[in-house]
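# Understanding the architecture of this molecule
The chain contents come next:
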Amino acid sequence: MDISEYRESIATKRRKHGFEAVDERTDAFDRLWATRETDDTLGDVAVLATLVEGEAVGPEALAETAASFRDVLADRVDPRPGRADGGEAPTPIGYVTFATPDPDPSLLDAMSGFTVAKRRTNVFPLVYDAETERLHRHEIPRLKGRGIYRRQANDAERLFDV
């Protein structure tokens, strides 16, 4: 699938699943989509997603971009417990999907090895292989932290898998 076709498919899916376009632009990300939901396991969640297109994305670029996306996510979600409005802070989850043809195995290793949970945020880099039309996501661990990884698997399927 052509990357532009993939982008259009994601735009359709994000509308279908209640992800709203974020009007505020950032220097690093052209398109941002957000939603707030209640998850049976995690409680209130604030989800932010983006798509990064590139021919030759490397492991270092993936790590730097995902870390930059974590900053954007942290800025958009109030991390303080007991906010001024009386509500509890939602669990911030971010997805930065890299669409590239024929990703190098080192890119997939960098994706799997990225530290998901940091600074009270959860950022999942994902890789879409445009040549084989396959989305690579994080596996659900057998032990601690399965809820957030199950959420990631569901969100990845409903938003980025075509």
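Remember, it's a predicted structure, so these values are computed and weren't measured experimentally.

Reading the values: rules and limits
- Residues numbered from 1 in each chain as written.
- Predicted model: local features only at pLDDT ≥ 70, side-chain atom pairs only at ≥ 80, totals over all residues.
- Heavy atoms only, no water.
- Patch = residues over 30% accessible without salt bridge, like charges linked within 9 Å, V, L, I, M, F, W, Y side chains within 5 Å.
- Areas by Shrake-Rupley, 256 points an atom, 1.4 Å probe, with all protein chains shown as cover.
- Salt bridge = Lys/Arg side-chain N within 4 Å of Asp/Glu carboxyl O.
- Lys, Arg positive; Asp, Glu negative; His and termini not counted.
- Charge placed at Lys NZ, Arg CZ, Asp CG, Glu CD.
- Helix = DSSP H or I, 4+ residues; strand = E, 2+ residues; numbered from the N terminus.
- Buried < 20%, exposed > 50% of the residue type's maximum accessible area, 1.4 Å probe, protein only.
- Expected span 1.5 Å × (residues − 1).
- Arc of directions from axis to C-beta.
- Contact = heavy atoms within 4.5 Å.
- Phe/Tyr/Trp six-rings, centres within 6.5 Å; stacked < 30°, edge-to-face > 60°.
- Polar contact = N/O pair within 3.5 Å; in protein donor to acceptor, adjacent residues only side chain to side chain.
- Pairing = 2+ DSSP bridges.

## Thoughts on a negative patch on the surface
A surface patch of negative charge is lined by Asp-102, Asp-104, Asp-109 and Glu-131. Along the chain, Asp-104 falls in the loop between strand E4 (91-100) and helix H3 (105-113).

## Some details on unusual backbone geometry
Positioned with a positive phi, Arg-119 is a non-glycine residue whose angle comes to about 50°. In this structure, Arg-120 takes a positive phi of about 60° despite not being glycine. Summarising the element assignment, Arg-120 is placed in the loop between strand E5 (117-118) and strand E6 (121-129). Accessibility expressed as a relative area gives 64% for Arg-120, which makes it exposed.

## A word on helix H2 (residues 59-76)
Look at H2: 26 Å from first C-alpha to last across 18 residues, which is about the 26 Å you get at 1.5 Å a residue. Listed as buried for H2 are Leu-62, Ala-66, Phe-69, Arg-70, Val-72 and Leu-73. Taken down its axis, H2 places every buried residue within 165° of arc, on the same side. Counted as exposed and oriented over 90 degrees from the buried face of H2: Glu-60, Glu-64 and Asp-75. At its buried positions, H2 is contacted by strand E3 (43-53), E4, H3, E5 and E6.

## Let's talk about the packing of aromatic side chains
A complete count under the given rule lists four aromatic pairs for this structure. Measuring from ring centre to ring centre gives 5.2 Å for Phe-29 and Phe-69, while their planes differ by 80°; the resulting arrangement is edge-to-face. Of this pair, Phe-29 sits in the loop between strand E1 (20-21) and strand E2 (33-39) while Phe-69 sits in helix H2, and the two are 40 residues apart along the sequence. Like Phe-69, Phe-29 is buried.

## Looking at the pattern of salt bridges
By the definition in use, this model includes nine salt bridges. In this structure, Arg-151 and Asp-39 form a salt bridge, with 3.1 Å as the shortest nitrogen-oxygen distance. Of this pair, Arg-151 sits in helix H4 (residues 146-160) while Asp-39 sits in strand E2, placing them 112 residues apart in sequence. For the residue pair Arg-151 and Asp-39, the accessibility class agrees, reading buried in each case. Through salt bridges with shared partners, one network takes in Glu-37, Asp-39, Arg-151, Asp-155 and Arg-158.

## Observations regarding the side chain of Thr-35
Looking at where Thr-35 falls in the secondary structure, it is placed in strand E2. A polar side-chain atom of Thr-35 sits 3.3 Å from the main-chain carbonyl oxygen of Gly-18.

## Let's talk about the pairing of E4
Taken across its ten residues, E4 has nine buried, putting it largely inside the fold. Of the pairings in the sheet, the one linking E3 to E4 comprises nine bridges and is parallel in character. Paired with Ala-49 across the bridge in E4 is Tyr-95. Here E4 runs beside E6; their pairing, made up of eight bridges, is parallel. For Val-96, the partnering residue across the bridge sits in E6 and is Pro-125.

The analysis is restricted to geometry; functional conclusions fall outside its scope.
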